[in-house]
Each structure stands twice: as C-alpha cells, then as structure tokens.
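Listed here are the chains, written in short residue letters.
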Amino acid sequence: MDSQDASGQSAAGEPAADRTAGQDPLQLLQALKTLWPSREWLQLREEAWRGFAALDNPCAGLLDMLAGTGGWRVKGPSLEAWLICELHRWLQAQPGLRPPQGDQGLKQLQAQAVRVLAESPASLVEPLVSIFQLQDEDRGPLLVHVHHLRQEGKFKEALMLAMKLKLQPELDVEEMSTPLLLQDKLNLVECYVAGFPNLQKRLLTLMDSWCQPGFDINAIASTAPSRQHPKVACLKLGKLSPRELSRRVLCLQERFGLDAAELCPHAVAQQRLSALRYLCYKHFVEGSMTRENWVDHVQELVGQNRWLQEQLLQLLVTHSDIGTTAQCARDLLLPVELLPPAVAAKLGRLQLEERPAEVPFKDQRDHYYQLPIARGDICFLASWEDLAQHEAQLLRPDQVMGMDLEWRPSFGTGGRPRASLLQVAVEGRVFLLDLLGFSQLPPGGPAVQALCRLLSRLLSDPTITKLGYGMAGDLHSLGASFPGLVHVEKELQGGLDLMPVHKRMQMAKAPGVPRPGGPRGLSLLVQQVLGKPLDKSQQLSNWDRRPLREGQLIYAAADAYCLLEVHRVLCREPGRFHLTADLTESMRPGQSDRSASEVSGPPRQVPVATGLPPTPEVPARAFRVVCDNMLQGLARCLRCLGADVRVLGLGEDHREAAELARQEGRIILTSGLPYHKLQAQVRAGRCLSVDCSLKAQQQAMAVLKHFNVRVTLSDIFSRCQVSKDMMQHLLWLDGHQEGPSSTGAETTQSEDARESGLAPEETLGSCAYEPSCRWLEASDLRPSPPATLSNGTRLQLAGVPAGVLRRPGLHHFFCCPGCGKVFWEGSHLGRVARHFREILKEPLTQPAEPPRTEP
C-alpha cells in the first residue's frame, strides 16, 4: 500500500520527500512481509537490522512504514509491532545514531510520533517513547497534543495518552477528569490519579464540591464549550445525584486512604443525612429505638453542622407533632433561631415548666425474655487484672458458653464496624469484655496481649462448646479489631452456630413461624424455644459510650445467656423442633457440606451442626428470590430453570430487597457487604451470600442445592404452548407469512404424522420438551390483528423465520405471556439441560436430532 496520497503528503501529514535518502523504507517493509509468515526470527532480525542500517533516518523510516498500515493499532502480535520493538533494540545497540535534543528534525518526528502513540496499545508505549526520545525535558509537544485531543472531544484518548506518558502532574486534573466523570467513567479517572496522592486529593475535592447542598450537576453538563470544558457528548448523569455521588466519593476516599473529614465534608454530610433519615424512621415510624439511644446517635451525626441541623428539623416536622419536635429540639440542643415559630413557642413553654414532660413508663417485662441471673453476676472486665481474676472460670474445660459481640452501628456513614463489647455467658454468670477499652491501649502492651492470648485459648479449645448466632460475622469483626486475633475464624474448635440450626427449624415449619413486623433472628429463636422474644430495643444503641447504661448491660448479658437456655431446651426436646439430639457435635471451618461451601462467600459461614434433617424439597416454580444488581447472570440462570426472580435496578437501595422479601415471601441472594445488613432484616434462612468468584451456572447450581430446589425438564423455559396450526394462523394474521392455503400447512402436518407413524392428534403432543402449561386458544387472543394476548401482551412474531414452520418434526411453539417472545424446541434446550443435569430430577433423554430453543 502506498504511503503517499495525490498531494505527495504522507499519512502522518508531513512531506515524505528528502526524509530518507537511502533505502526506501517501504521496500524494507515489503521484504519483511514476505518473510513474516515463516516466523524465522533470526532471519527476520538480520533483514530488519540490515535495512535499518541502510536508512539515512531509521526513525523517519519507521513512521513511513507505520503510515502505510494499521496493524500496530491493535493488541496482539503483528509485523508492525515487532518492527517497532526491533528498531528499539537496534538503536540501543547503536547509541551514537540518535539525533541530539533540540534538533529541528527530531521535533518534527516527535510531533508525528505522538499521534502514533495516541493510537498504540500499551505494550508499544515504552519502545516508541525511547525511539523518539519523548521522555526527555521538552514535553511541550506532548502536552499540546493532549490538549488538542480534548478540544476535539476525545477525552478518553487524551487521558489514556497522558497516562502512557506519565504526564498527569503537568495537567489539570479537573480539566482531564470532569468530562469523563460526566460520562460515568470514574474507574478510568481513578486509574489516571493512581500513584499521585496530590491528584487524588484534588479529585476528591472536585467531586465533593458537587455534593454540596443546592449544587446542580446539570449546570456543568450544559455549560457552553470553552477551553477548560469542551462540549461533552453521551452524558450519563444518573449516578451523579448527591446521594449516589457522595457514596462513590467516600468509597474512593477509603481506597485512597485519605482523610474524609478534611477532603470530603459535603459527601460526609450527605451520608449523615441518609443516616438521619434512617434513624427517624426507626424511632418515629417503626418505634424500635428508644429516645435516649436515638438522641445519642443523632447528636453524634449532626454535631454543629448548620445544614444538618436544618435538615433534621425538617425530618422532625415531617415525622412528629409540634410538641414532640420541641422536646427533640431541647434534647438535641438545636439553635432556637432555626426553629419554626410554633415549635419555638412550644419549646419556650416546656422550658418554663422546669422539668421535661415524661413519657409514661410501660412495664413490658412480661412480654420479653428475662435474664435469670442477678445483676451482681454480670461482670464487666476492662483491665488485665480483671482478665487474670476470671481466667480460670472462662477456660474451665467441658463447659458450654454463649458468645455474642456488640459494636456501634454506623448507619451507612462509612468505616468498618469496630468490636466494642464481647459477651461470654457461662452457667450462672456473664462476663462483658470491654474490647473498646482494650483497643485503645498499646497493641503490644501486656493488657492487649493477655486479652488475645485468653481468647485464642478459649476459641481453640475443643472441650469448650461455644454457642453463637451468626458466629462468622462476630469472629470476623473480632479479628479486624485485634491483629492478634485475625486467624480466630480458622482456629475455632468446638463452635456451634445456632443460626443454621434455626434455619433448619424454619424450613421444617417449626412452631412459631414469624409474622410480618414480628421478631426476627435470635429474638425469634428465643420466642420459638423459650416462649418469649428478646427485647431488642438496645440493639442499635451506642456501644462505644462509656460507661454503658444499665439497660445496655442487661441487654448484652441477656443476648449471650439466652443461647445457653435455648441450647439446653433443644438438646432436651429435639423432636419437638424437628431436630435430632446430635446438636453439640460441631464441624471445623471448611468441612461443611458441599452445598454450603459452594454458596457461602464473604462473609464465610460457620458450619451447620450435624444431625439435622434434610431441607424440604421446593418445586422450581415455587422458588421465589430477589437478587442484587451484581448477580444478573445468576438471575438469568434461575429464570431459565423456572424460578420466579426479581432483580434490583442500578438505583435501588438494598433495603428494597428486604422489603420485597417480606412482602412477597422471597429469598434474598446478595454478594459482598450488604449481606450483614440484609440478614438482620429477614427471618433466618431467607438471605444468602453468593460467591461472586463462581460463574453464573455454578452459582445457580449451588443456590438450588442449598435450598433443595426440584428442577424438572418441563421447568426449563416454562412458557405458554402453541400448536403449529395456530402459529401459522397467527403469522398470517400478523402479515409475516402467506395465507394458510399457500403454506401447505395441512400437507406438512400429514407428512410429519406419516414420518412418525402417529395419527395427527397423537403428533400434536409429541415433544421432547413438555412443560406443564396450557394450550393457547383463540379465546386467549384479542379479535383483531396484530396478534395480542388478552392481557395486552403483543406476540413477537417477526422473530419466527419462515423456514421454521416447514421443519419436519416440529409441532410445538411456546410464548411468554409476559414479554410476548416466541420460542421453539432446539439445541439451546439441550445445552441448558446438559449444564444442569446434576440437579434435574428426571433423566435427560437425547432426541434423534439435538433440540433447539431459539427466540
């Protein structure tokens, strides 16, 4: 291919004449093309190096050769890419041939090399930079070209080129990143600032400025083009709402390891506003949080932030009356000048009364589980001396103990939960270990070492039975709070998690099935076994406050001690709860049954106790789940197998999954961190953490095995069934085929019947795929075309090829009443059935010709 156009210009845009007076570089390229298919590397290198030596200017010759072809633009091996690398090696062996910096000819070549570099894969950056000496002091041409790309609207190309040449410190991070942020390419921008702490700070400051109250992101998107902000096309502003943007800013801040309070004050405020909304819902709507606990958390969130104080007042006015708003304003010490007149007047009257109006106390002790030990048997251990005094009782072998962990809830305001209190209950006594106090001591000090040594011995002793409810999360938080306990999950011996035991009870329809709004989790287990639920009013209290309130101490002790009493009853009367007597035998982590190991992902689950009855079988079409947005592939597989699946949208909060699960009786399938929050909002066994490292089909098989879901061949692609005659008639009415008289429908039907040796009425039902769905009748359709079901769904008949109707042996079609798509039996059905043959509850028969299922 000739590298010059009619005007005598090269593809690089510069005159080709007089650049190389020696051998023609295109002749060298042609010679190398002849040798390239043989891949004789020694011969290729000799020819290339001989050609380089014959060129007056090898660098200019390389540009001429690249201008005539495009193989160097793509990833992977090519002659052009190899040629660039060989010239790089040749020049390293011939250092005296390089032109000096400042040479006018070199500058012209560098300007053209930058254009080549902008389109090159990453593997060619280093050799091109070295060949054309682009790494030296004069980087002006490179910066000019980056700015030129931006002005042309090639923002991604400009940023990628800057990254290749490491030009980030010399470019304005706001100019480079703003267009890409507006196009929802945050990941690319994050890579751009990687390794440059100052740029990371400036990026966070920029994004945080978009989170400030009253800021309109559309104002930037619609700004007239300028040198700083050229016109941006393909805007994607959906993820730039204050709430979503603040979440992304704080995620970046955590990954960068920078101070959020200093760099992201507006994002922090937006996050705290979301927490305030949640707290107001818990206190005023749900009524599950006491006033004192609510005030504690709200005061910590709002502080002296004027904007948050204003937002809190709006929430108070929305959720309560004037009197309650005034009482809250007094308890929270909100500025009087911010209060609405009516609230300020009511506050004044309350202050004149000299004492607050008290809410009448309701003694609800009869409604909840009561701690059966005296207050003096609750011991608070806060020092090394306290641990030494009670070490012998804690480590006494052959005993059973209940364990639980408390931490201050963050309500989504960021940061990992830090363990604050560890409860250890033995017969007749409860020990409360002040983990918060120990964590504030020197990590290598005697007190912290004594604590880690004591807990390691306790958790690894197989003669001590440790009871818990959701032990995996507690052990993970314990290890995250103390580096000396980071391996306790693996070292645990003698642990018995009652959460999976409770799940088996639920699956077996044990007495006391929870009602909507009733107790959940451990509280429900206590109610089912002991008759009364736990009082969880202190669950969301501030566990970092010291000293703890009396109510917190009683709650913490009861949370651990109830495990002893539940365990005692289950061992004494296992048949009453559909269990066996073998509850005390626990399994080491990693030795659980295959289904649990396949499904369980972060957080890892403590193995289920042995001896439990199998989970009842669930038909595929009765299996209802809701998946988070990260499990789209799993959702498609489960739908394909007949399950009823809902998937959260991109903008939907994970709390909506819990709401769907409660309202529609669905199981939550999630991945990653939301598991801990969601499992607490639904009853035991209704939330599962899925391993994202598995492929979608592996995830589906693990989920179906975990819940013992029965899948039959007829469940795959469960659709509405249509006969061939009806399909021909519908196609004719819809204008996609000729009339029935011209298609030979009757002939085809009779020929098919003769081929199979069956009567026509027998042929109608012969199908390898026979889902339990009814036939489509004329009464199911609207009277006039286009073909539309009575529920308003239009059949998508345009996707049915004419040849399908003439295919021998094909007599059945299937349509989805929800979307109107039309399906027929084909190879896809066979492939799906073979993929899931392990869980199909009937033998897979192979038809004479592989079946095809095509949309």
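Computed from a predicted structure; not experimentally measured.

Participant: Help me out: how do you make sense of the environment of Leu-548 in this one?
Facilitator: Tracing the backbone shows Leu-548 in the loop between α26 (521-530) and α27 (550-572). Classification of Leu-548 by relative accessible area gives buried; the value is 11%. Apart from residues no more than four positions distant in its own chain, Leu-548 is found in contact with Phe-380, Leu-421, Asn-542, Trp-543 and Leu-553.

Participant: So what exactly am I meant to see when it comes to the pattern of salt bridges here?
Facilitator: It is possible for side chains bearing opposite charge to pair when their charged atoms get close. If you walk through the whole model with that rule in mind, you get 31 salt bridges. A salt bridge links Lys-154 to Glu-152, with the nearest nitrogen and oxygen atoms 3.6 Å apart. Measuring nitrogen to oxygen at the nearest pair gives 3.1 Å for the salt bridge that ties Asp-184 to Arg-248. Placement of Asp-184 in the loop between α9 (173-182) and α10 (186-193) and of Arg-248 in helix α13 (residues 242-256) is noted, with a sequence separation of 64 residues between them. Assessed through its relative accessible area of 27%, Asp-184 is described here as partly exposed. Residues joined in a network through salt bridges with shared partners are Arg-624, Asp-644, Arg-646, Glu-664 and Arg-666.

Participant: Help me understand the sheet that holds strand β10 (residues 667-670), please; the structure alone is not making it clear to me.
Facilitator: Either a parallel or an antiparallel arrangement is found when strands of a sheet pair, and the pairing is made through backbone hydrogen bonds. Strand order across the open sheet formed by 4 strands is β9-β8-β10-β11, with parallel pairing between neighbours. Looking along the sheet, the strands with just one partner apiece sit at the ends: β9 (644-647) and β11 (687-689). Averaged over neighbouring strand pairs, the angle between their axes works out to 25° when direction is ignored.

Participant: Explain the sheet that holds strand β2 (residues 400-407) to me, please; I cannot follow it from the model alone.
Facilitator: Strands sit in the order β1-β4-β3-β2-β5-β6 across an open sheet of 6 strands; the sheet is mixed. Edge positions in the open sheet fall to β1 (378-381) and β6 (495-497), since each of these has one partner strand only. Strand-to-strand twist in this sheet, taken as the mean axis angle between neighbours without regard to direction, amounts to 25°. Where β1 and strand β4 (residues 429-433) come together, 4 bridges link them in parallel fashion. Along β4, the bridge assignment pairs Phe-380 with Leu-432. Against the sheet, helix α23 (residues 471-481) engages β2, β3 (419-426), β5 (465-468) and β6, with an angle of about 60° to β2.

Quick notes on the rules
- Along each chain, residues carry numbers from 1 onward, in the same order as the chain's sequence is written.
- Residue-level local features of this predicted model are given only where pLDDT is at least 70; pairs of side-chain atoms are given and counted only at 80 or more, and the full residue set underlies all totals for whole chains, interfaces and linings.
- Side-chain measures here rest on the full set of heavy atoms in the structure, leaving out hydrogens and waters.
- Only DSSP runs of H or I reaching four residues or more are called helices, and only runs of E reaching two or more are called strands; each is numbered from the N terminus.
- Each residue's exposure class comes from its accessible area (1.4 Å probe, protein chains only) as a fraction of the maximum for that residue type: buried when under 20%, exposed when over 50%, partly exposed otherwise.
- Any two residues whose heavy atoms approach within 4.5 Å are treated as being in contact.
- Any Lys or Arg side-chain nitrogen located within 4 Å of an Asp or Glu carboxyl oxygen qualifies as a salt bridge.
- Any two strands between which DSSP finds at least two bridges are classified as paired.
- All axes here are fitted lines through C-alpha atoms, helices being fitted over the stretch that makes contact, and every angle between N-to-C directions spans 0 to 180 degrees.

Keep in mind these numbers describe shape, not what the thing actually does.
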